[in-house]
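Given next are the chains, with one letter for each unit.
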Amino acid sequence: MFQMFSLFFLIMCVDMAAASYLPSEDQFLCSICLDLFTDPVTIPCGHNFCKDCITEHWDRCDRCQCPMCKKEFNTRPELHVNTFISEMVAQFRQSAQQKASSSSSSSEQQVFKPGEVPCDVCTETKLKALKSCLVCLTSYCETHLEPHLTASSLKRHQLIDPVENLEDRMCPKHDKPLELFCKTDQTCVCMLCHVSDHKMHDVVPLKEGYERKKAELGKTEAETQQMIQKRQLKIEEIKHSVDLSQEEADREIAEGVQVFTALKASVERGQANLIKTIKEKQKTTEKKAEALIKELEQEISELKKRSSEVEQVTHSEDHLHFLQSVKSLNIKHRPPSKDLRKFSLTPAVYEGTVVKAVAQVEETLGKEMKKLLEAKLKRVQKDAVNVTLDPRTAHPCLILSDDKKRVKYSDVEKNLPDNRERFSECICVLGKQSFSSGRFYFEVQVKEKTEWYLGVVRESINRKGEISLGPQFGYWTILLRKGFEYEANDAPPVRLSLKSRPQKVGVFVDYEEGLVSFYDVDAAALIYSFTGCSFNGKIYSYFSPGNKYGLKNSAPLIISPVRVT
């Protein structure tokens, strides 16, 4: 039977050679070592093995049987190397090596490079491994991977992308593959670990643990990416704020330069006019002095001439000549003497000249300041918000319009629920909208009123009983009382001196800057600013129309629409 099998095998190989057929590698693989035959032998059942492999197999087993078909033999067969198969294997190995060599020369990227996983089977030129087998604990190149892709017994092996140190994938305690994942201990275990140390733990297949962990990491990664995006948006927001700040700085510098340029020109012009005026006055004084001096000098010259004549006559000892000369001089008649009082010269007076020049500079400065304030008001008006009154906070004596834009005092106190938000003693009401960042602006008509209070307050202010106004109590407000007294409720309070009586008041808040400013809208004038404010949470607009005092203060406070010109 053995001879018939050998003959059949020989005929088949001859036919394949005649057909120029090159056998595949799995035909020359030992099913025990899974490598090419070394000293191949054929046992009586017809299966082929490496001589050492089948010998060691039978040495370890109690029975002598074929590892492939399980056929038992009463006595251990005598083994002889099948020279024909041995020669075929040698030819195949040589052909495979030539093919690998040719493949490595034509496809240089398959050659193992530092940092890559090499094929564990290649003996000469190490090629790059394409896959690693978790059963064989071996990494294979394209050529040596082929049996795992074609042989039915090897197709069941688990292949993964090539990795180094496959021994790390074996349980160090039981020398079994790490096929399970213990969720309790968050570690990879083998089957024996599961039934021993991790018996009562929540253990799942490695793939399931992988998928769950991958999903968790995916979620974490998504959350991380979301955090990154939020921070990138915050960075863009900060950069945008820097750009806006730069624009604001450039605008302020331009306006400042414009003002100081105009002021400098006014000062220089005033200085030049001052010097010119003083010099002209001095020149006029000098001309008048020159005329007086010239007239006096002419009179002195005439007097000196007469004095000389008199002196000559007085030196004569000739009586006749002396008397005749005296007669000719007409000494009885004195030379006319002019009133010297008219020759007085009063120094030029320059008092008021400097004051007038400075007043002109102040006038120029006032005009430039008005331009600045008008531009500033237009800018803050761009931050206008729609503010409405909150009925929940209104004192029972206040009447609110249906559109929640007007509030006035009433002598009749309404019966309203004393909720937490409502003011019980202070005759005031808050805006419904809260603000905790950014900038906002609103305008309130105070026309025909003799008393009012306006500003912003903290959410946490006391609303029951008597209250005190001031930043230390959470209030940033200004007021009018008695029809003419304006005051800022600062610490301490500040009396305000206004050039005109505001008919409409604008309130501007920059939360981050800690700034609350009040404007006379019609005059485009700054009334007062609170700086360095610490708001600490939400803030609300604040309104109080004051008491009616008969009918003197019956007009309502009106939240007006902001019109930016």
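Now for a description of the structure that goes with this document. (Residues numbered from 1 in each chain as written. Predicted model: local features only at pLDDT ≥ 70, side-chain atom pairs only at ≥ 80, totals over all residues. Heavy atoms only, no water.)

Digging into the overall build of the chain
This is how the line gets drawn: Only DSSP runs of H or I covering at least 4 residues are called helices, and only runs of E covering at least 2 are called strands; the numbering of each starts at the N terminus. Only protein chains enter the accessibility calculation, which uses a 1.4 Å probe. A residue is then buried if its area is under 20% of the maximum for its type, exposed if over 50%, and partly exposed in between. Contact criterion: two residues are considered in contact whenever any of their non-hydrogen atoms come within 4.5 Å of each other. Residue-level accessible areas treat just the shown protein chains as cover; the underlying method is Shrake-Rupley with a 1.4 Å probe.
When its secondary structure is counted, the chain shows nine helices and 21 strands. A total of 565 residues make up the chain; the buried ones form 35% of that total. Excluding contacts between residues fewer than 6 apart, the proportion of contacts in the chain whose partners are at least 24 apart in sequence is 56%. About 36,300 Å² of surface is accessible on the chain, with carbon and sulfur atoms providing 53% of the total.

Considerations on the nonpolar core
The criterion, for reference: Working definition of a nonpolar core: buried Ala, Val, Leu, Ile, Met, Phe, Trp, Tyr and Cys residues. They are joined through side-chain atoms within 4.5 Å.
By size, the foremost hydrophobic cluster in this structure holds 39 residues, and its most contacted members are Trp452, Ile478, Val516, Phe530 and Phe543. Apart from residues lying up to four places away in sequence, Phe530 is in contact with Pro471, Trp476, Thr477, Ile478, Ala488, Asn489, Asp490, Gly514, Leu515, Val516 and Phe518. Residues Phe49, Cys50, Ile85 and Met88 belong to the second largest nonpolar core, which totals 20 residues.

A few points about the packing of helix 7 (residues 206-314) against helix 9 (residues 353-381)
Here is the rule we go by: What counts as an axis is a line fitted to C-alpha atoms, over the stretch in contact for a helix, and the angles between N-to-C directions run from 0 to 180 degrees. Angle categories: roughly parallel below 35 degrees, roughly antiparallel above 145, roughly perpendicular from 65 to 115, and oblique for all the rest. A clockwise turn of the near helix away from the far one marks a right-handed crossing, whereas an anticlockwise turn of less than a right angle marks a left-handed crossing. Any residue outside Ala, Val, Leu, Ile, Met, Phe, Trp, Tyr, Cys, Pro, Asp, Glu, Lys and Arg is labelled polar, Gly included; the first ten of those are nonpolar and the last four are charged.
Two elements in contact, helix 7 and helix 9, have axes whose closest approach is 9 Å; the angle formed by their N-to-C orientations is 165°. Accordingly, the angle class assigned to the pair helix 7 and helix 9 is roughly antiparallel. Considering only the axes of helix 7 and helix 9, their crossing is right-handed. Tallied by class, the residues present in the contact of helix 7 with helix 9 amount to 12 nonpolar, seven polar and nine charged.

Focus on the sheet that holds strand 4 (residues 138-140)
Short version of the rule: For two strands to be treated as a pair, DSSP must find at least two bridges joining them.
Taking strand neighbours across the sheet as the criterion, the three strands line up as 4-3-5 in an open arrangement whose pairing is antiparallel. Here the strands that pair on one side only, and so sit at the sheet edges, are strand 4 and strand 5 (159-160). Inspection of the sheet shows strand 3 (residues 131-133) paired to strand 5 by two bridges, in the antiparallel sense. If you follow Cys133 over to strand 5, its bridge partner there is Leu159.

A word on the pairing of strand 12 (residues 439-445)
The element strand 12 is extensively covered by neighbouring structure, given that five of its seven residues are classed as buried. Here seven bridges tie strand 12 to strand 17 (residues 504-510), and the two strands are oriented antiparallel to one another. If you follow Val444 over to strand 17, its bridge partner there is Val505. The pairing of strand 12 with strand 21 (residues 557-560) spans three bridges and is classified as antiparallel. Each bridged residue has a counterpart across the sheet, and for Glu443 the counterpart in strand 21 is Ser560.

Thoughts on the pattern of salt bridges
As a reminder of what qualifies: The term salt bridge refers to a side-chain nitrogen of Lys or Arg lying within 4 Å of a carboxyl oxygen of Asp or Glu.
For the structure shown, the criterion picks out 22 salt bridges. With a closest N to O distance of 3.7 Å, Lys370 and Glu374 form a salt bridge. You can see Lys370 and its partner Glu374 sitting in helix 9, four residues apart, about one turn around the helix. Using a relative accessible area of 40% as the deciding quantity, one classes Lys370 as partly exposed. In this structure, Glu485 engages Lys482 in a salt bridge whose closest nitrogen and oxygen atoms are separated by 3.9 Å.

Regarding the environment of Lys376
With respect to the secondary-structure elements, Lys376 resides in helix 9. When the C-alpha atoms of Lys376 and Leu526 are compared, they prove to be 9.5 Å apart, with 150 residues separating the residues in sequence. If near-sequence neighbours (up to four positions away) are discounted, Lys376 is found in contact with Glu248 and Tyr519.

Regarding the side chain of Ser517
Topologically, Ser517 is positioned in strand 18 (residues 515-520). Residue contacts for Ser517: discarding those within four places in its chain leaves Gly506, Val507, Phe508, Leu526, Tyr528 and Ser529.

Points about the sheet that holds strand 13 (residues 452-458)
Read from one edge of the open sheet, six strands run 11-20-13-14-15-16, paired in antiparallel fashion. On the outer flanks of this sheet lie strand 11 (429-435) and strand 16 (494-496), each paired with one strand and no other. On average, each strand axis in the sheet is tilted by 20° relative to the strand beside it, whichever way the strands run.

What about helix 4 (residues 142-150)?
Here is the rule we go by: Our arc is simply the arc of the directions from the helix axis toward the C-beta atoms.
Within helix 4, the full set of buried residues consists of His144, Leu145, Pro147 and His148. Along the long axis of helix 4, the arc covered by the buried residues comes to 140°, so they all point the same way. Where helix 4 is buried, its residues contact strand 3, strand 4, helix 5 (152-155) and strand 5.

Observations regarding unusual backbone geometry
The step from Ala491 to Pro492 runs through a cis peptide bond, and the omega angle for that step is 0°. Relative to the helices and strands, Pro492 is located in the loop between strand 15 (485-488) and strand 16. Notably, Asp39 is not glycine yet its phi reads approximately 50°, a positive angle. One non-glycine residue, Leu137, lies in positive phi territory at about 55°. For Leu137, the location among the structural elements is in the loop between strand 3 and strand 4. Among the residues examined, Leu137 registers a relative accessible area of 24% and is labelled partly exposed.

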